[in-house]
Number of protein chains: 2
Amino acid sequence: MVSKQILDDIQNSSAIRAMFIEGKAMAEKVGAENVYDYSLGNPVTPVPDAFTKALKYVIDTEDSLSLHGYMDNAGYPDVRQKVAENLNQRFGTDFDAHNIIMTVGAAGAINVIMKTLFDIGDELMVFAPYFTEYRNYAGNWRGKLVVVNPDYSNFQPDFADFEAKITPKTKALIINNPVNPTGVIYSEDTIKRIAEILNRKQKEYGHEIYIISDEPYRELVYDGKKTVFLTKYYDNTFVTYSFSKSLSVPGERIGYMVIPNAMADFNTVFNGLAIANRICGFINAPSLLQKAVARCLDAQTDVAFYDRNRKMLYEALTRIGFECVYPEGTFYLFMKSPEPDEKHFVEAAKKHHLILVNGTTFGCPGYVRLAYCVQPDMIKRSIPAFEALAKEYHL
Amino acid sequence: MVSKQILDDIQNSSAIRAMFIEGKAMAEKVGAENVYDYSLGNPVTPVPDAFTKALKYVIDTEDSLSLHGYMDNAGYPDVRQKVAENLNQRFGTDFDAHNIIMTVGAAGAINVIMKTLFDIGDELMVFAPYFTEYRNYAGNWRGKLVVVNPDYSNFQPDFADFEAKITPKTKALIINNPVNPTGVIYSEDTIKRIAEILNRKQKEYGHEIYIISDEPYRELVYDGKKTVFLTKYYDNTFVTYSFSKSLSVPGERIGYMVIPNAMADFNTVFNGLAIANRICGFINAPSLLQKAVARCLDAQTDVAFYDRNRKMLYEALTRIGFECVYPEGTFYLFMKSPEPDEKHFVEAAKKHHLILVNGTTFGCPGYVRLAYCVQPDMIKRSIPAFEALAKEYHL
């Protein structure tokens with residue numbers, strides 16, 4: 001007698017993992033070297049030495065009772081201050097400790113923000129294609145997901161559709177930047193237009209509409225491109241961050257959120273967030289991990305590795321004749337299905353031992369996602385399979 | 001424009017912390033050595049060496065990418081197997097890895113269970129006096145808290161009140177064993193009577209009623225007494241555990257839950273829990289911490305320290321004339337207020353620089369809680385203050 005919602009969640013939650021499991025089963029049959037699994041977004045580049053050194057250093061030098069003890073629910077003040085200063089240095093912002101709450105990853109941060117903001121039936125807007133978990137997070141807090149269409153020419157949002165779908169119940173817009181699954185970076189122009197529309201709607205409705213900018217891939221950007229820092233463009237912005245990808249430590253669940261001074265009712269919002277961090281069951285971000293990341297805020301995993309994969313995969317697929325969204329960041333590539341029903345295409349690919357994820361999972365039918373956080377050799381070996389698949393479609 | 005619920009939470013959440021902050025302010029005025037702060041349940045005994053050694057060992061020996069990487073949302077299979085075997089050894093149970101889910105502390109585990117079970121309006125029963133966060137956890141999942149009166153003679157539950165308050169909407173009963181704030185252990189007889197009543201009500205209503213046995217203080221028991229392991233007495237039982245108290249590592253957020261084979265619809269429930277662990281934003285328990293605790297499952301902080309505090313405080317207070325519940329576990333003592341309005345008594349105590357927490361916070365007016373996880377010297381120094389306070393009440 002589990003809840004009705006979790007029964008739905010069990011039903012719907014498995015699209016990506018189902019592909020991963022199919023890939024594993026296939027590998028047992030035909031050999032792992034003959035399966036080209038692009039299903040999971042799991043970091044594969046080394047954990048920076050700086051992180052391991054930082055862990056050891058804090059274990060060796062800090063008093064164990066305080067190192068592993070409770071602190072303010074918002075996190076250690078010195079850690080929050082270091083995170084703030086690092087952001088200021090990199091993005092020209094002006095934060096200090098009181099603008100930062102350490103969290104159990106970005107997923108924890110988003111849930112804490114939604115717990116703080118959402119009444120039953122409030123609406124969370126997302127730009128398709130969107131990270132599938134956002135639907136589940138909305139469900140947790142009994143919010144309603146509202147999906148905005150993309151501009152298919154560049155996978156920036158469709159602004160007319162965005163504006164048309166804002167209602168008096170719109171509580172927040174969540175932006176993933178750069179975007180899982182397209183790898184697109186929202187341009188400064190896009191951010192300015194979003195801010196202009198939301199500011200206008202805030203005035204019209206007489207209450208706040210928030211942006212949650214979810215940035216776990218912020219450091220995984222290529223060609224010298226960068227995301228813009230959203231608090232500079234829109235006051236009621238929360239930025240959520242995870243060290244999962246930049247340090248290759250997704251199992252450790254360590255991240256933070258930023259609350260700018262310009263946030264309406266800053267104190268109430270901050271107090272709500274700190275309490276929600278506790279109430280949701282996180283209590284605080286893991287204490288040892290807080291202290292460790294604070295000592296290696298500029299460390300990064302091998303981003304060039306993903307960049308090489310990106311180029312190899314994009315060049316091969318477009319050469320073969322597939323239509324791909326040009327990935328500017330993340331470790332995902334979004335490819336147009338050569339037939340309208342991409343689920344059928346995913347099945348066809350499977351026959352060539354290519355494991356892809358259907359775009360419907362991300363609210364964007366007609367496309368498939370490839371996660372290229374894989375060994376380069378797998379990409380090389382997969383190219384003939386893509387060529388054979390393309391032939392079937394007369395590309 | 002935060003949610004209505006979080007506004008309430010901000011209002012209500014601060015009773016214990018407010019006392020702690022008042023104590024701090026008082027310490028600045030009159031000197032820390034003259035303030036006797038019994039407000040916070042924060043471990044003060046050393047972190048066992050075995051834990052620190054385990055941390056270093058896994059950092060030195062495991063591949064960093066897998067040590068800090070994603071695993072199944074339920075946790076590392078080898079860690080779950082070790083936890084199961086340790087429980088079997090200590091409690092004569094028969095678990096293996098598939099009965100265990102590693103969680104972000106017990107608070108994380110309880111929220112994951114409630115997310116899995118609760119539809120809007122379902123009822124969570126608690127035995128007064130109860131850990132205040134249970135009210136907030138019910139709020140997260142839009143459940144309704146139903147408070148059962150204690151038998152004031154022994155602070156076991158009032159069984160007649162318990163049975164009378166069970167309704168068709170009752171989804172779960174949460175038991176904290178041993179109990180924060182009374183320090184009482186629920187006897188085997190109590191557990192049997194609870195199981196008998198719930199089994200009868202399950203039949204009557206034709207659906208499951210679950211027990212969530214929250215056991216973060218399981219190892220903090222005295223006089224050779226022990227809690228019984230609830231899965232042996234009632235099939236639909238979840239046990240939640242945190243290493244926060246036994247290892248003095250509350251900041252690390254590491255714990256687990258147990259789901260026995262006898263649980264109705266085991267597979268659906270387990271799948272729901274694993275997905276909820278992810279969806280709620282935990283994803284998984286911190287990976288390094290999982291590996292570390294698995295290597296020191298029998299380690300314990302200095303329980304004798306708390307036992308000495310317990311005896312000293314209980315003996316002094318009863319000698320002075322206060323009526324106290326005899327604490328069999330935890331590091332809390334529950335004392336009857338000498339006047340019916342214990343909030344007034346808390347104010348009177350404050351004038352003697354004694355920082356206590358009112359029982360209303362725990363759903364039990366007329367009593368106050370003292371957390372004796374403090375330095376023994378503070379207890380000694382506080383005794384004259386209690387004596388002066390007692391005089392005011394002609395004890």
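Preceding this section is the structure that the text describes.
Residues numbered from 1 in each chain as written. Chains lettered and ligands numbered in written order. Predicted model: local features only at pLDDT ≥ 70, side-chain atom pairs only at ≥ 80, totals over all residues. Heavy atoms only, no water.

A.B. asks: Which parts of the structure should I look at to understand empty space enclosed by the protein?
C.D. replies: Gaps between atoms show up when a probe of the same size as a water molecule is rolled over them. Residue and element names in this part refer to chain A. Summed over all chains, the structure comprises three cavities of 30 Å³ or more. Residue lining of the largest cavity: Phe127, Pro129, Tyr130, Phe131, Tyr134, Ile174, Ile175, Asn176, Val179, Asn180 and Tyr186, and that is the complete set. Take the lining of the largest cavity: its biggest share by element is three residues, from strand β5 (residues 170-176). Residues of the lining of the largest cavity, tallied by class, amount to nine nonpolar, two polar and no charged. (1 Å grid on protein atoms, 1.4 Å probe; cavity = no way out; pocket = protein on both sides within 12 Å on 5 of 7 lines; lining within 4 Å. Points joined across faces, edges and corners; volume = space filled by probe spheres on them. Helix = DSSP H or I, 4+ residues; strand = E, 2+ residues; numbered from the N terminus. Nonpolar A, V, L, I, M, F, W, Y, C, P; charged D, E, K, R; others polar.)

A.B. asks: Teacher, can you tell me more about the packing of helix α6 (residues 105-117) of chain A against helix α10 (residues 266-279) of chain A here?
C.D. replies: The description of two helices packed together rests on the angle between their axes and the distance between the axes. Residue and element names in this part refer to chain A. Running from N to C, α6 and α10 cross one another at 120°; their axes reach a closest spacing of 8 Å. When the axes of α6 and α10 are compared, the pair comes out oblique. Considering how the two elements wind past one another, α6 and α10 form a crossing that is right-handed. Taking contact as the criterion, the partners of Val112, Ile113, Lys115 and Thr116 in α6 are, on α10, Val269, Gly272, Leu273, Ala276, Asn277 and Ile279. Among the residues forming the contact of α6 with α10, the class breakdown is six nonpolar, three polar and one charged. (Axes fitted to C-alpha atoms, helices over the stretch in contact; angles between N-to-C directions. Parallel < 35°, antiparallel > 145°, perpendicular 65-115°, else oblique. Left-handed = near helix turned anticlockwise from the far one by under 90°. Contact = heavy atoms within 4.5 Å.)

A.B. asks: Help me understand helix α3 (residues 49-61) of chain A in this model?
C.D. replies: Along an α-helix, residues three or four apart share an orientation, since each turn contains 3.6 residues. Residue and element names in this part refer to chain A. The end-to-end C-alpha distance of α3 is 18 Å, a good match for the 18 Å that 13 residues give at a rise of 1.5 Å each. Within the sequence span of α3, burial applies to Phe51, Thr52, Ala54, Leu55, Val58 and Ile59. Seen from one end, α3 has its buried residues packed into an arc of 160°, which puts them on one side. Exposed and oriented more than 90 degrees from the buried face of α3 are Asp49, Lys53 and Asp60. (Expected span 1.5 Å × (residues − 1). Buried < 20%, exposed > 50% of the residue type's maximum accessible area, 1.4 Å probe, protein only. Arc of directions from axis to C-beta.)

A.B. asks: Can you walk me through the packing of aromatic side chains in this structure?
C.D. replies: A ring pair, where both rings are aromatic, is described by two values, the distance of the centres and the angle of the planes. All chains considered together, the criterion is met by 56 aromatic pairs over all chains. Here Phe127(B) and Phe162(B) contribute two aromatic rings whose centre-to-centre distance is 5.3 Å and whose plane-to-plane angle is 80°, an arrangement assigned as edge-to-face. With Phe127(B) in strand β3 (residues 123-127) and Phe162(B) in helix α8 (residues 159-165), the pair connects residues that are 35 residues apart, well separated along the chain. Residues Phe127(B) and Phe162(B) agree in their burial class; the two are buried. Considering the side-chain rings of Phe155(B) and Phe334(B), the 5.9 Å spacing of their centres and the 85° angle between planes classify their relative orientation as edge-to-face. One end of the pair, Phe155(B), is in the loop between β4 (144-148) and α8; the other, Phe334(B), is in strand β9 (residues 332-336), with 179 residues separating them in the sequence. You'll find Phe155(B) and Phe334(B) in the same group, each marked buried. Among the aromatic residues, those joined into a ring-pair cluster are Tyr38(A), Phe322(A), Phe345(A), Phe386(A) and Tyr393(A). One Lys or Arg, Arg193(A), reaches over the ring of Phe159(A) and ends 4.0 Å from the middle of that ring. (Phe/Tyr/Trp six-rings, centres within 6.5 Å; stacked < 30°, edge-to-face > 60°. Lys NZ or Arg CZ within 6 Å of the ring centre and 35° of its normal.)

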